[in-house]
Amino acid sequence: MTQANFKIVHLTSVHRPFDVRIFDKHCRTSVEAGYRVVLVAVHDSDVKINGVELKAISPPRGRFSRMTRTAFHVFREAWKQSADLYVIHDAELLPWARLMTLLGKTVIYDMHENVPKDLLSKSWIPKALRRPLSSTMRMLERILIGRMPVIFAESSYVDDYPWVKQAIVARNFAKLSSFQHRGAPLTPSSRPAVAYLGAVSRDRGSLLTLAALSELKQRGMSVGWHCVGPISPADHEVELKNLAREKELTEVSFYGYLQRAEAIGKIENCEVGLAVLLPEPNFVASFPTKMFEYMALGMPVVVSDFPLYRRVVDECKCGICVDPTAPLQLADAIQQLLEQPEFARACGQRGREAVQQTYNWDAEFEKLNRFFEQLLMPDRNRSAESK
């Protein structure tokens with residue numbers, strides 16, 4: 001059998017259908033590798049895009065509806081597809097995945113985040129309940145995952161799941177074909193801007209960025225901010241816009257969620273890419289995907305001074321690390337990159353080269369593809385190992 005004979009179905013009840021990891025990286029790359037691919041997700045209609053068949057599930061009315069009704073409908077539609085391999089992308093689909101394995105299906109859990117650890121920093125959960133909920137979730141995961149193969153999105157997750165026997169790490173690096181190289185300009189733009197791409201929230205540095213831009217304005221530098229991504233919680237968007245208005249930051253733009261090509265188009269001409277996340281447990285232990293996306297664009301980066309992030313920046317010499325609680329450090333870093341365009345350009349070029357050589361999705365998918373083959377063709381792989 002060839003890959004064209006195999007059908008992979010991806011399931012999500014939580015993520016948007018054009019989520020970068022799910023659609024661009026998993027689904028599109030699998031199609032390019034020759035698999036037949038179906039994605040079951042919340043959408044308004046069935047459609048086929050870039051070779052991926054999207055099966056639409058109606059949107060939920062709220063979180064509880066999503067975790068119950070929507071999750072069941074995702075499972076039911078996926079079951080109809082009669083695939084060779086199923087990949088779930090949400091912890092709330094684990095009960096249905098467990099059922100599918102008991103019924104003889106091959107199911108993989110793509111673990112986007114370490115959910116028990118993430119619960120420890122969820123602002124909408126009362127502090128007194130976070131640790132008990134985290135412990136409960138850890139126990140439920142062990143029961144529901146069982147012997148299910150797992151794809152870890154980060155190497156740091158492995159230590160928390162020593163009981164998972166079939167696993168691979170497929171890190172969320174940039175897919176080079178999605179980005180066009182543009183070096184940092186040799187002379188500063190008359191309207192320089194910094195970029196942010198991804199979910200927008202206080203713990204991802206939104207308030208810090210406005211404070212740094214306000215400081216730069218006081219120094220006589222007008223620096224814009226192209227901020228692309230959904231803002232949460234809902235009242236935070238109002239807070240950010242009010243703060244920008246109060247600080248008279250007229251070059252700040254909040255674009256909200258955009259599909260990949262349009263999102264990249266909004267930031268690709270920015271001078272600096274920001275990934276200044278606060279020291280929350282999951283952030284400290286996980287690579288920020290946006291950092292590699294800026295690097296793929298040939299853009300110098302300013303990132304949080306966490307050991308994981310610093311290792312990349314120091315090895316690649318692609319930007320500057322700052323204390324994510326210190327707006328003056330962020331302002332200094334942005335100013336340095338804007339006032340030293342040759343240094344910024346060299347940082348951007350080295351970052352682009354590092355993505356081409358190491359931090360790219362193509363290399364991760366090669367490992368992932370071998371993992372799929374081991375699960376889809378176990379007899380052939382056992383025969384090869386015995387030779």
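Attention shifts here to the pattern of salt bridges. Applying the stated criterion to the full structure yields 15 salt bridges. For Asp332, the salt bridge identified is with Arg219, shortest N-O distance 2.8 Å. One end of the pair, Asp332, is in helix H12 (residues 327–339); the other, Arg219, is in the loop between helix H6 (206–218) and strand E10 (224–228), with 113 residues separating them in the sequence. Judged by its relative accessible area of 40%, Asp332 is partly exposed. What emerges from the salt-bridge pattern is a single network uniting Arg171, Glu364 and Lys367.

One full turn of an α-helix is made of 3.6 residues, so residues set three or four places apart face in the same direction. Inspection of helix H3 (residues 94–102) places Leu94, Ala97 and Met100 among the buried residues, and these make up the whole buried set. Buried residues along H3 cover an arc of 115° about the axis, so they all sit on one side. If you follow the buried residues of H3, they end up packed against helix H2 (63–80), strand E5 (85–88), strand E6 (107–111) and helix H5 (127–145). A positive phi of about 95° marks Gly104, the residue just after H3.

Strands sit in the order E3-E4-E2-E1-E5-E6-E7-E8 across an open sheet of eight strands; the sheet is mixed. Of all the strands in the sheet, just strand E3 (47–49) and strand E8 (167–169) have a single pairing partner and so form its edges. Strand-to-strand twist across the sheet, computed as the mean angle between neighbouring axes with direction ignored, equals 25°. The sheet contact formed by strand E1 (residues 7–11) and E5 spans four bridges and is parallel. By the bridge assignment, Val9 is partnered in E5 with Tyr86. Of the strands in this sheet, E1, strand E2 (36–42), strand E4 (52–57) and E5 touch H2, which is tilted by about 140° from E4.

As a further point, take the nonpolar core. Counting 68 residues, the largest nonpolar core has Trp225, Phe292, Met295, Val302 and Tyr359 as its most contacted members. Examining the composition of this core, we find that six residues originate from one element, H12, more than from any other. When neighbours within four sequence positions are excluded, Tyr359 is seen to be in contact with Phe173, Ala174, Phe292, Met295, Val312, Glu315, Cys316 and Ala354. Grouped together as the second largest cluster of nonpolar side chains are 34 residues, Val9, Ile88, Ala91 and Ala97 included.

About the cut-offs
Residues numbered from 1 in each chain as written. Predicted model: local features only at pLDDT ≥ 70, side-chain atom pairs only at ≥ 80, totals over all residues. Heavy atoms only, no water. Salt bridge = Lys/Arg side-chain N within 4 Å of Asp/Glu carboxyl O. Helix = DSSP H or I, 4+ residues; strand = E, 2+ residues; numbered from the N terminus. Buried < 20%, exposed > 50% of the residue type's maximum accessible area, 1.4 Å probe, protein only. Arc of directions from axis to C-beta. Contact = heavy atoms within 4.5 Å. Pairing = 2+ DSSP bridges. Axes fitted to C-alpha atoms, helices over the stretch in contact; angles between N-to-C directions. Core = buried A, V, L, I, M, F, W, Y, C linked by side-chain atoms within 4.5 Å.

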